[in-house]
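# Secondary and tertiary structure notes
Chain residues, written in single-letter form:
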Amino acid sequence: IPLKLNVFLGKSRMSLKDALKLAKGSIVELDKIQGEAADVYVNNKLFARGEIVIVDENFGIRIVKIVDPFEREELLKRI
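Quick look at the structure, then. Given the structure is predicted, the values throughout are model-derived calculations rather than measurements.

Calculation criteria
- Residues numbered from 1 in each chain as written.
- Predicted model: local features only at pLDDT ≥ 70, side-chain atom pairs only at ≥ 80, totals over all residues.
- Heavy atoms only, no water.
- Salt bridge = Lys/Arg side-chain N within 4 Å of Asp/Glu carboxyl O.
- Helix = DSSP H or I, 4+ residues; strand = E, 2+ residues; numbered from the N terminus.
- Buried < 20%, exposed > 50% of the residue type's maximum accessible area, 1.4 Å probe, protein only.

## A short note on the pattern of salt bridges
All told, the structure shown has two salt bridges when counted by the stated rule. Its salt-bridge partner being D39, residue R49 comes within 2.6 Å of it at the nearest N-O pair. Separated by ten residues along the polypeptide, R49 in strand 3 (residues 45-55) and D39 in strand 2 (residues 37-42) bring together distant segments of the chain. Under the relative-accessibility criterion, R49 is labelled partly exposed at 23%. For D39, a relative accessible area of 23% puts it in the partly exposed group. Salt-bridge contacts for R62 lead to E51; the nearest nitrogen and oxygen are separated by 2.5 Å. In this pair, R62 is assigned in strand 4 (residues 58-66) and E51 in strand 3, connecting sequence segments eleven residues apart. R62 gets classed as partly exposed once you look at its relative accessible area, which sits at 45%.

Structure representation (structure tokens):
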């Protein structure tokens, strides 16, 4: 069963001019750091919460909580 998995590691603001200059290997500074919370979405629905980790110079996410259906409904009501 194919699933779409998204993890939001953070946000950054930059001008369109700077965004168009991005290439493979470019570094973009994000507003979150290692150890901060990150949301995990499966098929565009909040599934879990985790924390950002770095393993051998690669980003990863450690799942710390699976969001229960009731909490998911409450979060959607706030949007």
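More follows now that the structure is in view.
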